[in-house]
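Descriptive analysis of the structure
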Amino acid sequence: MAQSGQQRSNWIWQYIAMIRDRVVQAMSWLWPLLPALVLFSVLSVVRVQTAPCQTCRKLTDSFIKGLDKTSNKNFGGGNTAWEEENLAKYARSETRLLEIVEAACEKSDLDCNKLLEQIEDQVETWWFHRQQEAPDLFEWLCIEELPLCCPPGHFGPDCKECLSGPGGVCGGLGRCEGEGTRLGDGECVCDPGYFGQLCQSCADGYYREKSSNHSTPACAACYHSCKKCSGPENYKCLECKPGWLFHDNKCVDTDECGTELARCSSNTYCHNTDGSYECRGCDQACVGCMGSGPARCKKCARGYKLRGAKCLDVDECSERAIACPGLNEACFNDEGFFRCECADGFIRRDSICVENHPLSNYVCMTSIHPTASQT
């Protein structure tokens, strides 16, 4: 006896709910957020209205792949009347629909599974009643029914038309913000080198190439120091970028380190770069410096001494008569400082160096040589 439409619907969507539950179990780390998830479930109808267009597109693309994959399933492709009759029955069957739905979303894709659960009525309507008149599932479901997406060249809640020029949307030189979705403001986001409402002008750092035909020539990059130019060479600059000075039709780098333009903190020095500068740290031998290395110090740091033109390490172990005054201590020199450590065979106890006798030997010695009170 054939199942009723309601029983068929329950069978399919109970299976989807089971997949969703398995995903939730796999994501057990989300349980502390259970109150938020409950609220999310209550607002599921609102979620359908605001779910991203790309989720719907991904879902419908996967559904169509499932259609292709199951097109001749379990049939040998012969011409027998039996195969033709049963293939026709399978093509629009709930069995095939369930097989496609099962594989439509990755188990870990919560957005896809949630959307699929919410649109069960629309999927069934298309499958059993609308395939003939609306063969494009994406257009029918994502654009017309939900709606989550817009046709190409349109954007926003009302699917307004994007700005277009001779070359297409945004003159063919950019993209329409939000195109194909119910989001965005429709402004043109221009490709590198272009700007303007329809991306028809050359941006700073670019110039219009010459063209032999009647088409609008492309914008090409100027020499790297030019803000405006008439060609790619360094002598065709018309205006310089910040950090460069215009001289003899060329943009020459400004040496900020030789002017008051540079601002470097203490114990750093200015290093000039193309069009700018950077502050670098002084050598550890310096307190303040004018450049890199121990020869550019303004003053030597503690533990260093000026010898010739450089601040070099002081060997306190050799220069001091008694660098380490404690008994049984040895002096070790390091870059910029020295340290006192116990000599070989000694260990520090209570800030002094004593012979390193194991505790077991000490116990043995006291038991072998008892005190006078023990005799």
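Structural data are supplied above this passage.
First things first, this report covers the structure right here in the doc. Worth saying up front: this structure is predicted, and the values here are computed from it rather than measured.

Procedures and definitions
Per chain, residues are indexed from 1 in the order of the written sequence. Only residues with pLDDT of at least 70 are given local features in this predicted model, and only at 80 or more are side-chain atom pairs given and counted; all residues enter the totals for whole chains, interfaces and linings. Just so you know, side-chain values use all the structure's heavy atoms and leave hydrogens and water out. For our purposes a nonpolar core is just a set of buried Ala, Val, Leu, Ile, Met, Phe, Trp, Tyr and Cys residues, chained together by side-chain atoms within 4.5 Å. For every residue, the accessible area obtained with a 1.4 Å probe (protein chains only) is divided by the maximum for its type, and the residue is called buried under 20%, exposed over 50%, and partly exposed between those limits. Numbering goes from the N terminus for both helices and strands, where a helix is a DSSP run of H or I of at least four residues and a strand is a run of E of at least two. Contacts are assigned to residue pairs with any non-hydrogen atoms lying within 4.5 Å of each other. For the purposes of these results, a polar contact is taken to be a pair of N or O atoms within 3.5 Å, where, inside protein, one atom must be able to donate a hydrogen and its partner to accept one; residues adjacent in sequence count only when each atom of the pair is a side-chain atom. Taken from the helix axis, the directions to the C-beta atoms give the arc we talk about. When the sulfur atoms of two cysteines come within 2.5 Å, that pair is taken as a disulfide. Residues with no salt bridge and a relative accessible area higher than 30% make up the patches, which join like charges within 9 Å and nonpolar side chains (Val, Leu, Ile, Met, Phe, Trp, Tyr) within 5 Å. Here, Shrake-Rupley sampling with a 1.4 Å probe gives the accessible areas, and only protein chains in the shown set may cover a residue. Take a side-chain nitrogen of Lys or Arg and a carboxyl oxygen of Asp or Glu: if they are within 4 Å of each other, that pair is a salt bridge. In this count, Lys and Arg are taken as positive residues and Asp and Glu as negative ones, while His and the chain termini are left out. A charge is said to be at NZ when it belongs to Lys, at CZ for Arg, at CG for Asp and at CD for Glu.

What about the nonpolar core?
The biggest cluster of nonpolar side chains holds 27 residues, and the ones touching the most others in it are Leu59, Phe63 and Trp126. Looking at this core element by element, the count peaks at 6 residues for helix α9 (residues 137–145). In this structure Phe63 touches Leu97, Ile100, Val101, Val123, Trp126, Trp127 and Leu137, once residues within four positions along its chain are discounted. Residues Tyr269, Cys282, Cys300 and Cys311 belong to the second largest nonpolar core, which totals 10 residues.

Concerning the side chain of Gln131
Within the secondary structure, Gln131 is located in the loop between α8 (120–130) and α9. Residue classification places Gln131 among the buried positions, given a relative accessible area of 15%. At 2.9 Å, the side chain of Gln131 forms a polar contact with the backbone oxygen of Trp127. Those residues in contact with Gln131 that sit more than four places away from it in its chain are Arg92 and Trp126.

Topic: α8
Buried residues of α8: Val123, Glu124, Trp126 and Trp127, and no others. Looking straight down α8, one finds that the buried residues subtend no more than 160 degrees of arc, so they occupy a single side. Away from the buried face of α8 by more than 90 degrees, exposed residues Asp121 and His129 are located.

As for α9
Turning to α9, its buried residues are Leu137, Phe138, Trp140, Leu141, Cys142 and Ile143. Buried positions along α9 lie against α4 (53–69) and α8. Where α9 starts, the residue carrying a side-chain oxygen 3.2 Å from the main-chain nitrogen of Phe138 turns out to be Asp136.

Topic: the state of the cysteines
Using the criterion set out here, one finds 19 disulfides in the structure. One disulfide in the model links Cys170 with Cys188; its S-S distance is 2.2 Å. Taking the sign of the S-S torsion, -95 degrees for the link of Cys170 and Cys188, the bridge is left-handed. Residue Cys170 is found in the loop between β4 (168–169) and β5 (174–176), and its partner Cys188 is found in strand β6 (residues 188–190); the two are separated by 18 residues along the sequence. Grouping residues by exposure puts Cys170 and Cys188 together as buried. The disulfide partner of Cys190 is Cys199, and the gap between their sulfur atoms is 2.1 Å.

Observations regarding a negative patch on the surface
On the surface, Asp136, Glu139, Glu144 and Glu145 cluster together to form a negatively charged patch. Structurally, Glu139 can be placed in helix α9.

Regarding the pattern of salt bridges
Here the structure, examined in full by the defined rule, presents 12 salt bridges. The shortest N-O distance in the salt bridge between Glu329 and Arg348 comes to 3.1 Å. Of the two residues, Glu329 sits in strand β19 (residues 329–334) while Arg348 sits in strand β21 (residues 346–349), which places them 19 residues apart along the sequence. The class of Arg348 is partly exposed, set by a relative accessible area of 37%. Salt bridges sharing partners connect three or more residues here, namely Lys305, Arg307 and Glu319.

What about unusual backbone geometry?
For residues other than glycine, phi is negative in most cases, and the peptide bonds are mostly trans. Residues Leu146 and Pro147 are joined by a peptide bond in cis, for which omega reads -20 degrees. For Pro147, the position within the fold is in the loop between α9 and β1 (154–155). Although it is not a glycine, Asn267 adopts a positive phi angle of roughly 65 degrees. Considering the arrangement of structural elements, one finds Asn267 in the loop between β14 (250–253) and β15 (268–273). Its identity is not glycine, yet Asn328 carries a phi of approximately 60 degrees, on the positive side. Summarising the element assignment, Asn328 is placed in the loop between α10 (316–319) and β19. Residue Asn328 is classed as partly exposed on the basis of its relative accessible area of 37%.

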